[in-house]
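Summary of the model geometry
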Amino acid sequence: MEAVVQTSHGKVRGRTRDGVTAFLGIPYAAPPFGPNRFREPRPPEPWDGVRDAFEYGPTAPKPGYPKPYDALLPDPDIPGEDCLNLNVWTPEPGATGLPVMVWIHGGAFRNGSGAVPVYSGRNFARDGVVCVTVNYRLGVEGFANLPGAPLNRGLLDQIAALEWVRDNIAAFGGDPGNVTVFGESAGGMSVTTLLSLDLGLFRRAIAQSGAGSIAQDPDDAMLVTKEMAARLGIEPTAEAFAALDPAAILPAQSSVAAEVSMVPDPGRWGATTAAGGMSLTPVLDGALLARRPEDAIAAGAGRDVDLLIGYTSEEFRFFLMPTGLADQLTDEVVGLVTTGMGVPAGLPGAYRDRYPEMTAGELMATIITDHLFRIPANRAAAGHAASGGRTWMYEFAWRSPNHGLGACHALELGFVFDNLTAEEEGLTGPNPPQALADRMHRHWVDFAASGDPGWERFDPSARPVRTFDGPGDATAADPRGDVRKLWD
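Residues numbered from 1 in each chain as written. Predicted model: local features only at pLDDT ≥ 70, side-chain atom pairs only at ≥ 80, totals over all residues. Heavy atoms only, no water.

For the structure shown, the criterion picks out 24 aromatic pairs. Relative to Y119, the ring of W103 has its centre 5.2 Å away and its plane inclined at 55 degrees; by these criteria the two rings are tilted. Of this pair, W103 sits in strand β6 (residues 98-104) while Y119 sits in the loop between β6 and α2 (122-126), placing them 16 residues apart in sequence. Taking the relative accessible area as the measure of exposure, W103 reaches 0% and is therefore buried. When its relative accessible area of 6% is taken as the criterion, Y119 is described as buried. Arranged with centres 6.1 Å apart and planes meeting at 65 degrees, the rings of W444 and F468 form a pair that is edge-to-face. Here W444, found in helix α17 (residues 434-450), pairs with F468, found in strand β12 (residues 464-468); they are 24 residues apart in sequence, far enough to count as distant. Here W444 and F468 have matching classes, each one buried. Linked through ring pairs, W103, Y119, F124, F182 and F417 together constitute an aromatic cluster. One Lys or Arg, R15, reaches over the ring of F54 and ends 3.8 Å from the middle of that ring. (Phe/Tyr/Trp six-rings, centres within 6.5 Å; stacked < 30°, edge-to-face > 60°. Helix = DSSP H or I, 4+ residues; strand = E, 2+ residues; numbered from the N terminus. Buried < 20%, exposed > 50% of the residue type's maximum accessible area, 1.4 Å probe, protein only. Lys NZ or Arg CZ within 6 Å of the ring centre and 35° of its normal.)

Encoded structure:
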C-alpha cells in the first residue's frame, strides 16, 4: 500500500508495511552546495506532482569509520547533494494528535545519518509514535569556524528540521505540540544544546550519552581551522574551503580529528577543544550559542521542557578496547591525557586509589567516562531540576561480551529503538536480551507520550537513577556518589 501526504513544499508518497507507513528522504532544506555552501539552511524548492519517498536520501559528506569501528557502527554513504533530508514513520497518516519523536544521530559531529539501520523508526511507529530521523551537515561543512560563514551551521540545520516538524508533522498524524527530541553521543550533545536555547520547538528531550559540557571557544575552533587549511594548502576562510570539493577536505579533517582525540593538547588545540577530545563541535558564537549548555540550563534555560538524560556505565571502553590501545597505556600516559582534557589535578590518583585492580586502560576508560559523560549528565540533570524542570536520569549497565566492550558507548541504541537485529552482533554480541529492549523502548515511548518514563523523578538531593541491566532494572540513589563528589 501507498499513502500520499501534502507538505509545505509539495506532496510526498510513502509505503505502508505491517501497519506502518514510511516516508524517506524528504527535503527540509535546500542542498547546502553551490551558492548555499557554508550558508544558513535555505528552504527547499517546492515541487509539482507527487514526490516518491521510498528510499533514504543522500547523506552529508563524511569519512568512513576506521577499522574496527566500521563493523561496529554501520554508516551508510548515500551520494547526492540533497542531503538535508529527513525520514518519517507513522502508524497512521490520517490520525491526529500522536506523540512525535525526532532523532538526532551521533558520530562525533563528523559521521552518521538518519539512514543508519538501527535508527529505523518503524518500531516506534508500531507503538503509536510518529518517529522522525534527521540528517544535518557534519565536519567542516557543519561545524568549522570559517571566517565569512555563519557558525554552527549543523545546529542551524537541526533547528530547520525541527521547524519543518512543527509546520508539517500534523499531516503525518503527529501532534506538533507534543514533540520529543532525542539523540545519542553528538546527537545527545545536540539535544542539550538545543534545550539550552529555549526554542519552543519541542516539549520533551532525551539526551543519551551526551550532556552539556561540550562547546568550543571560537579562538580554539579557529586553531583547528588553521591546521586543516595548512594541510590543504589554502587560506583558513570560507571562500577558500568552498573552492574545494567536500571530499577533498575529508582527509585533512580526519587527520586533525585523530590527533585531537589521541593527544588532547590544550596548548596546541585550545582548552575547550582538548576538553572534549573532538576537533569540530558547536562553537560559542555569542549569538545563537552564548553559553555552554550546562551553564545555560543551570540558569533556567529549558526549564519548561521535560528532560530524560543518562549514559552507559562504561562509555569510553568503546574507544579503547576494540583497537587494543588500552593494553598499551600506562598510568603516566593516563595522567597526561586526562590532564590535557582538563580533568582536575589529583583525580587520576584518587581513581587509582579507589580502583587498584584496574589496568591503566581500564582506569583511563573509567575516568574519561565520568569526565565526558556521567559527570556532565549529573550536572545537567541537577541544573535542570534545580531550576524547576521535570527531570529523570538513567544508566545503561548491560555489558556486551564482544571485544571487551562492556557497557560501552552506543550499546543502548538497539535497545532504545527495539531494533537489536540491526546491530548485526557487532556491538551486542549474539542473543542480546530482547526483554531489556522491550522494557527500555517502552519507557522511551511512555516518556514521549506522557512526560513520565515510569520511575522516580530526579532531584539534586536524592539523585535517583534508573539502571537498565539484563535480568531486571532498579532505581538507586546517587550510584557511585562518592566518586561523583570528587568532581564537585
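As a further point, take the side chain of S387. Within the secondary structure layout, S387 lies in the loop between α15 (360-386) and β11 (391-396). Taking relative accessible area as the criterion, S387 reaches 17% and is therefore assigned buried. A distance of 3.4 Å separates the side chain of S387 from the backbone oxygen of I297, its partner in a polar contact. Separated by 2.9 Å, the side chain of S387 and the backbone oxygen of G383 make a polar contact. (Polar contact = N/O pair within 3.5 Å; in protein donor to acceptor, adjacent residues only side chain to side chain.)

This part is about the pairing of strand β8 (residues 174-184). With respect to burial, β8 is a largely interior element, 8 of its 11 residues being buried. As defined by bridge partners, β6 adjoins β8 across 6 bridges and the pair is classed as parallel. Across the sheet, residue L98 finds its bridge partner in β8, namely G174. Considered for its hand, the β-α-β crossover made up of β8, helix α5 (residues 186-195) and strand β9 (residues 204-208) is right-handed. (Pairing = 2+ DSSP bridges. Right-handed = clockwise from strand over helix to strand, strands pointing away.)

Here the structure, examined in full by the defined rule, presents 1 cavity of 30 Å³ or more. What the largest cavity holds in volume is close to 30 Å³. Lining the largest cavity we find P61, L138, G139, V140, E141, P246, I249, L250 and Q253. Secondary-structure elements contributing two or more residues to the lining of the largest cavity are α3 (139-143) and α8 (246-262). The biggest single contributor to the lining of the largest cavity is α8, with 4 residues. Its residues placed into classes, the lining of the largest cavity shows 6 nonpolar, 2 polar and 1 charged. (1 Å grid on protein atoms, 1.4 Å probe; cavity = no way out; pocket = protein on both sides within 12 Å on 5 of 7 lines; lining within 4 Å. Points joined across faces, edges and corners; volume = space filled by probe spheres on them. Nonpolar A, V, L, I, M, F, W, Y, C, P; charged D, E, K, R; others polar.)

Looking now at the pattern of salt bridges. Applying the stated criterion across every chain yields a total of 28 salt bridges. Two residues, D418 and R126, come together in a salt bridge whose shortest N-O distance is 2.8 Å. Here R126 lies in helix α2 and D418 lies in the loop between α16 (413-416) and α17, a separation of 292 residues in the sequence. On the basis of relative accessible area, D418 is assigned to the buried category, the value being 10%. Here R439 makes a salt bridge to D473, at a shortest N to O gap of 2.7 Å. Taken together, the positions of R439 in helix α17 and D473 in the loop between β12 and β13 (474-477) put the pair 34 residues apart, joining distant regions of the chain. Each member of the salt-bridge network shares a partner with another, and the members are E227, R231, E259 and R268. (Salt bridge = Lys/Arg side-chain N within 4 Å of Asp/Glu carboxyl O.)

Before going further, it helps to spend a moment on α8. The end-to-end C-alpha separation of α8 is 24 Å, in line with the 24 Å expected for 17 residues at 1.5 Å each. On its buried side, α8 packs onto α3, α6 (218-232), α7 (238-242), α9 (266-269) and α10 (271-276). Where α8 begins, the capping side chain belongs to D245, and its oxygen is found 2.8 Å from the backbone nitrogen of A247. (Expected span 1.5 Å × (residues − 1). Contact = heavy atoms within 4.5 Å.)

Right, let's get into the nonpolar core. Counting 108 residues, the largest nonpolar core has Y28, V88 and F202 as the members making the most contacts within it. Per element, the largest residue contribution to this core is 14 residues, and it comes from α15. Ignoring sequence-local partners within four residues, the contact set of V88 consists of T21, A22, F23, I26, V130, C131, V132, W164, I169 and F172. Judged by nonpolar contacts, the second largest core, of 38 residues, contains L73, I206, C408 and A448. (Core = buried A, V, L, I, M, F, W, Y, C linked by side-chain atoms within 4.5 Å.)

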